[in-house]
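So you can see what is in the structure, the chains are spelled out below.
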Amino acid sequence: MTTGPLAGIRILEVGHMLAGPYATMMLADLGAEVTKIEPPGGDISRQVSDAYFASLNRGKRSVRLDLTAEPGRNRLGELVAGAHALLVNLKPSAIHRLGLTYDALRKWNERIVCVALTGFGLAAGDDPAFDYVVQAATGVASLTGDPAGPPTLPGYSSADNSAGLTAALGLLAQIVSGRGGQVEVSLRDVLLSQLNYRASAYLNEGTEPRRLPFGAHSYYVPAQLFPTAEGYLALFVTHDGFWKSFSAEAGIEGFPTMAERAARREEVLAVVTRALATDTAAGWESRLRPLGVPAAAVRTLPEALEATPEMVVRAGDFRLVANPVRVAGYAPDYRRPPHLGEHDDPPGALQRSG
C-alpha cells in the first residue's frame, strides 16, 4: 500500500487550539485531505508558538474565510459540496450562528457529515469548557493526586486529546455508514465515558471512588508508583502469575492470591516498598521486564522521547511525535503545517465582504 487508508477522503475543519485540530491531524496523517478553514486572523493557536501550531496542524491545507459575511459562507458551501465531512470545534452559539450544522449545510451536500465538538453538547449553553475545567467538572481532578493533598490535573491536555480522538472516530463511523448527518461529541461526555469502571462501580455497587497514595489502583495490589533507591517505579501486578514472578525476584513470600493482596493492601505495600528500596528504578525495570512483569521507571518526557526515536518524525522544519496508528505497507507523509491562507482561491484572496 502506497497511499493512506483515508486517501480520497476530504475533510474540512473549523476550529482552534487543540481538540478539533488534533482530530483532523490524525486523519490527515492517514491520508485524508484536510482543509483548515481559518478566520482572517488565523487559528488563535498560531499566536502560541510555531511549534505548538505545528504539533496539531501538520499536513493540512489552509483557507481563510470570513464566515460572518456572505461571500465567505458561499465559499464554505462550495467546499462542503465537494467534501465528505466538516469537523467544527467552537462554542455552540458560534456553530449555530455561522451555520456549521448539518441542517444548515445539507443544501450543499446531502451526504456531508457534520461533527460538532463542544464542551457540553451542541444544545448546551456557552459555559467555558476548557480542558482543565472539564476535568474538574467530571470528577477526574478529584481522583488524581495524593489523598493528603489537593486535587491534581495531569500534565497534559487529556480531555482535549481524548475528545479529539473520539470525534475522529465518530466522523469516520458516519462516513462509513454512507449517510450524511449530524454527529456530536462533547469533552464532558468523553471524560465520563473514560471513567468507565469507576462509574460502573458507583452506579452498580455504590462504591464511591477515592484517591489512593502514589496513584494506586482501586483493586489491584500492588499496582502503583513506588519509591526506590533512586527514582520511582511503576509496578502493575494484575494477576497472580505476575505476583509469583515479581515476589520471587524481590524475595517476598506469601500473599499468593489477588483477593488476599487486596484484603491486606497496607501490609503488602509495606513489604513491596521495603523490597524495592534495595535497587534503583532502572535496575528493577531491567530485572522485571525479562520476567514479563509490568514495570517501568518513571521517565521525564525528554527521556521518553530519547528512548523511542522511532516516534519522532520530521514535518518540514519541525520535529514532532508520529501518528500512533500504524498501517502495514503505509508510511505517512508528514508534511509541514500550512501558512495562513496558503491555499486560498485565488492564492492570497480572502472571502469576505468589502
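Residues numbered from 1 in each chain as written. Predicted model: local features only at pLDDT ≥ 70, side-chain atom pairs only at ≥ 80, totals over all residues. Heavy atoms only, no water.

**A closer look at the environment of leucine 269**
Alright, step 1. Secondary-structure assignment places leucine 269 in helix 12 (residues 265–276).
Alright, step 2. When its relative accessible area of 12% is taken as the criterion, leucine 269 is described as buried.
Alright, step 3. In contact with leucine 269, other than residues within four places in its own chain, are Val221, Pro222, Gln224 and Phe226. (Helix = DSSP H or I, 4+ residues; strand = E, 2+ residues; numbered from the N terminus. Buried < 20%, exposed > 50% of the residue type's maximum accessible area, 1.4 Å probe, protein only. Contact = heavy atoms within 4.5 Å.)

**Quick notes on a nonpolar patch on the surface**
Alright, step 1. Among the surface-exposed residues, Phe214, Leu225, Tyr232 and Val298 lie close enough to one another that they form a single nonpolar patch of about 350 Å² accessible area.
Alright, step 2. Residue leucine 225 is classed as partly exposed on the basis of its relative accessible area of 32%. (Patch = residues over 30% accessible without salt bridge, like charges linked within 9 Å, V, L, I, M, F, W, Y side chains within 5 Å. Areas by Shrake-Rupley, 256 points an atom, 1.4 Å probe, with all protein chains shown as cover. Salt bridge = Lys/Arg side-chain N within 4 Å of Asp/Glu carboxyl O.)

**Brief notes about the sheet that holds strand 8 (residues 232–236)**
Alright, step 1. As summarised here, the arrangement of the three strands in space is 7-8-9, forming an open sheet in which the pairing is antiparallel. Looking at strand neighbours, the two that pair on one side only are strand 7 (223–227) and strand 9 (295–297), the edges of this open sheet. Direction aside, the axes of adjacent strands within the sheet are offset by 20° on average.
Alright, step 2. Two strands pair when backbone bridges link them, and strand 8 and strand 9 are joined in this way by three bridges, in the antiparallel orientation. Bridge pairing links alanine 234 to alanine 296 in strand 9. (Pairing = 2+ DSSP bridges. Axes fitted to C-alpha atoms, helices over the stretch in contact; angles between N-to-C directions.)

**Looking at empty space enclosed by the protein**
Alright, step 1. Evaluated as defined, the whole model comprises one cavity of 30 Å³ or more.
Alright, step 2. Residue lining of the largest cavity: Ala28, Asp29, Arg58, Gly59, Asp333, Tyr334 and Arg335, and that is the complete set.
Alright, step 3. Grouping the constituent residues of the lining of the largest cavity by class yields two nonpolar, one polar and four charged. (1 Å grid on protein atoms, 1.4 Å probe; cavity = no way out; pocket = protein on both sides within 12 Å on 5 of 7 lines; lining within 4 Å. Points joined across faces, edges and corners; volume = space filled by probe spheres on them. Nonpolar A, V, L, I, M, F, W, Y, C, P; charged D, E, K, R; others polar.)

**Thoughts on the packing of aromatic side chains**
Alright, step 1. Applying the stated rule across the entire model yields six aromatic pairs.
Alright, step 2. A centroid spacing of 6.4 Å and a plane angle of 35° characterise the contact between phenylalanine 214 and tyrosine 232, whose relative ring orientation is tilted. You can see phenylalanine 214 sitting in the loop between helix 9 (196–205) and strand 7 and its partner tyrosine 232 sitting in strand 8, a full 18 residues away along the chain.
Alright, step 3. A residue is classified by how much of its surface remains accessible, and tyrosine 232, at 41% relative accessible area, is partly exposed.
Alright, step 4. The structure contains a cluster of three or more aromatic residues connected by ring pairs, namely Trp243, Phe246, Phe255 and Trp284.
Alright, step 5. Positioned above the aromatic ring of tryptophan 284 is the side chain of arginine 287, whose terminal nitrogen or guanidinium carbon lies 4.0 Å from the ring centre. (Phe/Tyr/Trp six-rings, centres within 6.5 Å; stacked < 30°, edge-to-face > 60°. Lys NZ or Arg CZ within 6 Å of the ring centre and 35° of its normal.)

**Things to note about helix 10 (residues 240–250)**
Alright, step 1. For helix 10, the full list of buried residues reads Phe242, Trp243, Phe246, Ser247 and Ala250. Burial along helix 10 is one-sided: seen end-on, the buried residues are contained in an arc of 120°. Facing away from the buried side of helix 10 by more than 90 degrees, the exposed set consists of Lys244 and Ala248.
Alright, step 2. Buried residues along helix 10 sit in contact with strand 8, helix 11 (258–263), helix 12 and helix 13 (281–288).
Alright, step 3. Just downstream of helix 10 lies glycine 251, where phi reads positive at about 75°. (Arc of directions from axis to C-beta.)

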